[in-house]
Structure formats: C-alpha cells, structure tokens
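Structural characterization, general
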Amino acid sequence: MNFFKDNFEKIYAEYYDRMFLFAKEYVVSEEDAENIVQDIFMLIWEKKDVLEIKVNLSAYLFTLIKNKCIDHLRHTTIVNTFKQEYKAKLSALEVLDEMTSNEEDLEKLVNDAISKLPERCRIIFTRSRFECKKYHEIAAELNISPNTVENQMAIALKKLRKELKDYLPLLLFMI
C-alpha cells in the first residue's frame with residue numbers, strides 16, 4: 001500500500017490552497033503560483049510509487065514549494081537581466097541605424113568625446129594615441145610619474161568607452 005497513491009486526492013484537497021497562497025506570496029503572479037503548485041503535485045504523482053517521506057508531510061510539501069519559488073525567482077531574475085541587455089543592444093543598433101555612418105561623422109563623434117575629457121586626461125590620451133608616445137616619454141614631458149600616465153589613460157579610456165558605447169561596434173568596423 002502506497003501512502004501517496006492511496007491518499008493523493010486527499011492531500012491535494014487539503015494542501016492545494018495553502019500551498020498556492022504560500023507560493024503566491026513570493027512569486028506574486030497567480031498564474032506562476034498555480035503552475036508551481038501544479039508542478040509539485042505532478043512531481044508527487046509521478047514519483048508516488050517510490051516516494052517515501054521521513055518528515056512531516058506539511059513540512060515536506062512546503063519545502064518543495066519554497067524551493068520551487070526560489071528556482072522560479074532565480075530564473076525570472078536571469079530572464080529579466082537578458083531582456084535588459086537585449087533592449088540596450090536593440091537601442092544601440094537603432095541609434096546606429098539613425099545616424100549616418102560616414103567617416104567624418106564618426107571622427108566628429110570621437111573628437112567630441114575626446115574634447116569632453118578632463119584636460120590632463122585629454123593631453124595624455126592624445127600624446128599616447130595620436131602622437132604614438134610611450135608612457136615613460138609622456139611622463140618625462142609632463143614631469144609626472146609613469147604610473148600617473150597609466151592611471152590617466154585608464155580614466156580616459158573608461159570615459160571614452162562610456163561616451164561612445166553606442167558607437168563602438170561601428171567604430172570597430174570602420175577601423
């Protein structure tokens with residue numbers, strides 16, 4: 001005689017509403033809560049012949065619900081993160097689509113971004129990237145340490161990446 005097989009309908013009737021309310025409290029959506037509870041009962045039914053519970057039935061069922069809710073919330077968080085990334089990428093592509101992509105426009109975008117850099121960053125960046133000078137040469141010319149040059153370059157590159165983030169794919173293509 002199997003406890004779950006013989007008592008499944010009774011267990012379902014006794015626990016469904018409480019399990020649903022518990023799940024709904026955490027996943028908010030009634031549909032999601034209902035699906036979670038149904039999944040738990042489906043799991044129990046599928047494993048009814050081998051399932052043995054060594055603890056209180058109520059504690060067992062609510063542990064299953066809690067774990068399913070956690071899984072659901074983790075999955076939802078991941079999905080929402082990807083949706084935000086895709087939305088940002090779509091927006092960036094739409095911006096690229098709207099702008100003219102000739103070299104003069106791109107050069108103006110880059111020059112405008114460089115002009116927004118703090119003065120020291122801009123000087124160091126232009127000497128490094130446009131005059132092809134090494135960090136120690138720039139440090140000697142400006143009477144600063146090579147570490148300062150390196151730090152200022154890191155700041156400049158970070159600011160430029162942020163300023164030009166919507167255009168980076170196109171800039172890479174044009175190089």
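Residues numbered from 1 in each chain as written. Predicted model: local features only at pLDDT ≥ 70, side-chain atom pairs only at ≥ 80, totals over all residues. Heavy atoms only, no water.

1. Some details on the overall build of the protein
A tally of helices and strands in the protein yields eight helices and zero strands. Reading the protein from its N end, one meets helices and strands in the order α-α-α-α-α-α-α-α. Sequence-distant contacts in the protein: of pairs separated by 6 or more residues, those separated by 24 or more amount to 64%. (Helix = DSSP H or I, 4+ residues; strand = E, 2+ residues; numbered from the N terminus. Contact = heavy atoms within 4.5 Å.)

2. Section: the pattern of salt bridges
Tallied over the entire structure, the rule returns six salt bridges. The salt bridge partner of Glu-14 is Arg-18, with a shortest N-O separation of 3.9 Å. On the criterion of helical spacing, the pair formed by Glu-14 and Arg-18 is a turn pair, its members being four residues apart in helix H1 (residues 3-27). Its relative accessible area of 43% is what places Glu-14 among the partly exposed residues. Overall, the relative accessible area of 42% leaves Arg-18 in the partly exposed class. Each of Arg-127, Glu-131, Lys-133 and Glu-141 takes part in a single network of salt bridges with overlapping partners. (Salt bridge = Lys/Arg side-chain N within 4 Å of Asp/Glu carboxyl O. Buried < 20%, exposed > 50% of the residue type's maximum accessible area, 1.4 Å probe, protein only.)

3. Structural notes on the nonpolar core
The biggest cluster of nonpolar side chains holds 22 residues, and the ones touching the most others in it are Tyr-15, Met-19, Val-37, Phe-41, Ile-44, Leu-61 and Ile-65. At the level of elements, H1, helix H2 (30-46) and helix H3 (57-98) are the ones that each hand at least two residues to this core. Per-element accounting of this core gives the leading share, eight residues, to H1. Residues within four places of Leu-61 in sequence aside, it is in contact with Ile-11, Tyr-15, Met-19 and Ile-44. In terms of nonpolar packing, the next biggest core, distinct from the first, is built from 15 residues, Ala-113, Val-149, Met-153 and Leu-164 among them. (Core = buried A, V, L, I, M, F, W, Y, C linked by side-chain atoms within 4.5 Å.)

4. Looking at the packing of aromatic side chains
Applying the stated criterion across every chain yields a total of eleven aromatic pairs. Where Phe-125 meets Phe-130, the ring centres are 6.0 Å apart and the plane angle is 90 degrees; that geometry is what we call edge-to-face. Of the residues examined, Phe-130 reaches a relative accessible area of 52% and is grouped as exposed. Taken together, the aromatic side chains of Phe-8, Tyr-12, Tyr-16, Phe-20, Phe-41 and Trp-45 make up a single cluster linked through ring pairs. (Phe/Tyr/Trp six-rings, centres within 6.5 Å; stacked < 30°, edge-to-face > 60°.)

5. A short note on the packing of helix H5 (residues 119-129) against helix H7 (residues 146-163)
The contact between H5 and H7 brings their axes to 9 Å, and the two run at 95 degrees. Regarding the angle of H5 to H7, the classification is roughly perpendicular. Of the residues in H7, those in contact with Arg-120, Cys-121, Ile-124, Phe-125, Ser-128 and Arg-129 of H5 are Thr-148, Val-149, Gln-152, Met-153, Ile-155, Ala-156, Leu-157 and Leu-160. (Axes fitted to C-alpha atoms, helices over the stretch in contact; angles between N-to-C directions. Parallel < 35°, antiparallel > 145°, perpendicular 65-115°, else oblique.)

6. Describing a nonpolar patch on the surface
Nonpolar side chains collect at one region of the surface, where Ile-78, Phe-82 and Tyr-86 lie side by side and expose about 340 Å² of accessible area between them. Among the secondary structure elements, Phe-82 is positioned in helix H3. Using a relative accessible area of 41% as the deciding quantity, one classes Phe-82 as partly exposed. (Patch = residues over 30% accessible without salt bridge, like charges linked within 9 Å, V, L, I, M, F, W, Y side chains within 5 Å. Areas by Shrake-Rupley, 256 points an atom, 1.4 Å probe, with all protein chains shown as cover.)

7. Quick look at unusual backbone geometry
Most of the time, phi is negative for any residue but glycine, and the peptide bond is trans. Residues other than glycine seldom take positive phi values, yet Val-28 does so here, at roughly 70 degrees. With a relative accessible area of 60%, Val-28 lands in the exposed category. Here the phi dihedral of Asn-143 falls at roughly 60 degrees; this positive angle occurs in a residue that is not glycine. The residue Asn-143 is located in the loop between helix H6 (135-142) and H7 in this model. By relative accessible area, which is 71% here, Asn-143 ends up exposed.

8. Quick word on the side chain of Gln-152
Inspection of the secondary structure assignment puts Gln-152 in helix H7. For Gln-152, the contacting residues outside a window of four places in its chain are Arg-120, Cys-121 and Ile-124.

9. A look at the packing of H6 against H7
Taken N-terminus to C-terminus, the directions of H6 and H7 make an angle of 110 degrees; their axes are 8 Å apart at the nearest point. What the angle tells us is that H6 and H7 run roughly perpendicular. Seen from H6, the contacting residues are Tyr-135, Ile-138 and Ala-139; seen from H7, they are Pro-146, Val-149, Glu-150 and Met-153. Partitioning the contact of H6 with H7 into residue classes produces six nonpolar, no polar and one charged. (Nonpolar A, V, L, I, M, F, W, Y, C, P; charged D, E, K, R; others polar.)

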